Each structure stands twice: as C-alpha cells, then as structure tokens.
Amino acid sequence: MSVILLIEDDVLIQELVKFNLEKEGFEILVAGDGRRGLELAKARKPHLILLDLMLPDLDGFEVCKILRADESMAEVPIIILSARGEVVDKVIGLELGADDYVSKPFSTRELSARIRARLRGDRRAKDTGQEGSKVVWGELEVWPQSYIVTLGGEPVNLTVKEFQLLLMLVSHPYQVFSREYLLEKIWGYSINGDTRTVDVHISTLRSKLKRLENVLESVRGIGYRFASPAGGRNS
C-alpha cells in the first residue's frame, strides 16, 4: 500500500482528501503544519507528499526546500496544493524541487490521477529517452541512468521532471513535441490535462540552461523542440 503524507492546515481539505484517497487504497498521513509534516516525513518515509504552501509555522516553500536537502527524502515526489495559482509561485515551487502543482479548488479525481502518475514515475522514466548511453549536445551532457546533467563540465541541478523533460527533448533534436504529448509521456496525464505544467518546466529549464541560447525553442501553436546551431551526438 502506498503511503501519502498530506501537509495541509485546512481541516475540511484534510478530511476530503483523506476520505477519498483512502477509498482508493492509499494510506494517508496528515500533518497540520510544516514542522509536524517534516517530522512525519522523516519518520514514515512516505511514497508521495501533498504539500500546501500557506502553512502555519514553516510555509510550504521552506518545507519543500528542507525535504529536498535531505538525501533520504530527495527522490520522494512532492505535489504542491495551493490557492496561490500565480505562475511565479508555481515556478518557485518547481525550482525548489516539487514535481507538480495543483491549484485549489481541485477535484479529488484529478488529484488521484496526478498521484498515480507520480507513483508510476520510475516506469514512465524508462519511456522518456534512451537508457544507458550518454546524450551529448555541445557542452551539454546527460546521463539517463544516473539522472546527472552537466553543462560545460559543471553540474546542473534539475528536478526529476525537469530531467525527464530535457532527456526527451535532447534525445530527439529538432523534433517538435506537442504540449499534450509531453504531458502524457512525462507526467502521465490525459490530453485534457493542464498543459501549463509543461510551460512552467520549460521556463525553469531555460533558466538553468541559459548558457545554451535558444536551445529550447517554442513552436507556435504546437509545442517545443530541442534545437541549437551546435552539433550534438549520442555516445
């Protein structure tokens, strides 16, 4: 049984999420503030964390930062739940290491679908690019098996989803991928999902790979492709 930690101070949301997810076979742990959430995370090692941003004591951003700095929790998927739907909040959350962002109010059906997509992440990762061989594009080097990325010999710190998205694109240079296709392959959502998740991740990738100018190109009305004047190869 998958264990999910819900860090949320709203009692009504606690009860709603707990009731619906337990019906689907998940074990739900609940914390009403950031410090208690960190204690439960370290003690129980949940399979996934649902994290509110506006928490008493420590806010969700700080909790996410602390979790990602803990080696034992670094790979646990984190889905942010928040009424703060501004793009800047999403970008900050994703840059701190969250894997996804769900705006309130949300449907429990959608939340369940996103949770299951996260928990299938290891299997989905195998479909995002070539396993084993290093992918090289100019100064950029990507190791699929070890989730390591370097640019000019320096490590690039990416979240799991940023890595999977980059790997998908750099493994197929010049090929255009629609937002819907990327959302389904990387996040496991149907075509009716919120494609803004893809846009936010592309934005953070561009920021982290800014030495490679225009390497992640937008194709109007379609999606994105990896393209650059520099040559690339798989090795």
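What you are looking at is a predicted structure, and each value in this text was computed from that prediction instead of being measured. (Residues numbered from 1 in each chain as written. Predicted model: local features only at pLDDT ≥ 70, side-chain atom pairs only at ≥ 80, totals over all residues. Heavy atoms only, no water.)

*Asks:* How would you summarise the overall build of the protein if you had to cite specific residues and measurements?
*Replies:* Along the backbone of the protein there are nine helices and 13 strands. Each of the 235 residues in the protein was classed as buried or not, and the buried ones make up 49%. Roughly 11,300 Å² of accessible area belongs to the protein as shown, and the carbon and sulfur atoms make up 49% of that amount. (Helix = DSSP H or I, 4+ residues; strand = E, 2+ residues; numbered from the N terminus. Buried < 20%, exposed > 50% of the residue type's maximum accessible area, 1.4 Å probe, protein only. Areas by Shrake-Rupley, 256 points an atom, 1.4 Å probe, with all protein chains shown as cover.)

*Asks:* Kindly report on the pattern of salt bridges, identifying the contributing residues and their values.
*Replies:* In this structure the tally under the stated criterion is 14 salt bridges. Note that D57 and R35 form a salt bridge whose closest N and O atoms lie 2.8 Å from each other. Here D57, found in the loop between β3 (48-52) and α3 (60-69), pairs with R35, found in helix α2 (residues 34-44); they are 22 residues apart in sequence, far enough to count as distant. Classification of R35 as partly exposed rests on a relative accessible area of 45%. The salt bridge partner of D52 is K104, with a shortest N-O separation of 3.2 Å. One end of the pair, D52, is in strand β3; the other, K104, is in the loop between β5 (100-103) and α5 (108-119), and 52 residues separate them in sequence. Taken together, the shared-partner salt bridges connect E8, D52 and K104 into one network. (Salt bridge = Lys/Arg side-chain N within 4 Å of Asp/Glu carboxyl O.)

*Asks:* I'd like a rundown of the pairing of strand β1 (residues 3-7), residues and numbers included.
*Replies:* If a strand is regular, its side chains alternate between the two faces of the sheet. Counting buried residues in β1 gives five out of five residues, a clear majority hidden from the surface. Going residue by residue along β1, you find V3, L5 and I7 tucked away on one face and I4 and L6 tucked away on the opposite face as well. Looking at chain direction, β1 and strand β2 (residues 27-31) are connected through five bridges and run parallel. Paired with L5 across the strands is L29, a residue of β2. (Pairing = 2+ DSSP bridges.)

*Asks:* Describe in detail the sheet that holds strand β12 (residues 223-226), supporting the description with residues and values.
*Replies:* The strand order across the open sheet built from three strands is β10-β12-β11, with neighbouring strands paired in antiparallel fashion. Of all strands in the sheet, those with a lone pairing partner are β10 (177-178) and β11 (216-219), marking the two edges. Here β11 pairs with β12 via four bridges, running antiparallel. Bridging across to β12, S218 finds its partner in Y224.

*Asks:* A description of the confidence of the model for the protein should follow, citing residues and the corresponding values.
*Replies:* Per-residue confidence for the protein averages 83 on the pLDDT scale, and 86% of its residues sit at or above 70. Confidence over residues 228-235 falls short of pLDDT 50; this stretch has 17 contacts with residues more than four positions distant or in other chains. (pLDDT = per-residue confidence, 0-100. Contact = heavy atoms within 4.5 Å.)

*Asks:* Explain the packing of helix α1 (residues 11-23) against α5 to me, and be specific about the residues and the numbers.
*Replies:* Running from amino to carboxyl end, α1 crosses α5 at an angle of 60°, the nearest separation of the two axes being 10 Å. Comparing the axis directions of α1 and α5 gives the class oblique. Crossing handedness for the pair α1 and α5: right-handed. Within the contact between the two elements, α1 uses L16, V17, N20 and L21 and α5 uses T108, L111, S112 and I115. (Axes fitted to C-alpha atoms, helices over the stretch in contact; angles between N-to-C directions. Parallel < 35°, antiparallel > 145°, perpendicular 65-115°, else oblique. Left-handed = near helix turned anticlockwise from the far one by under 90°.)

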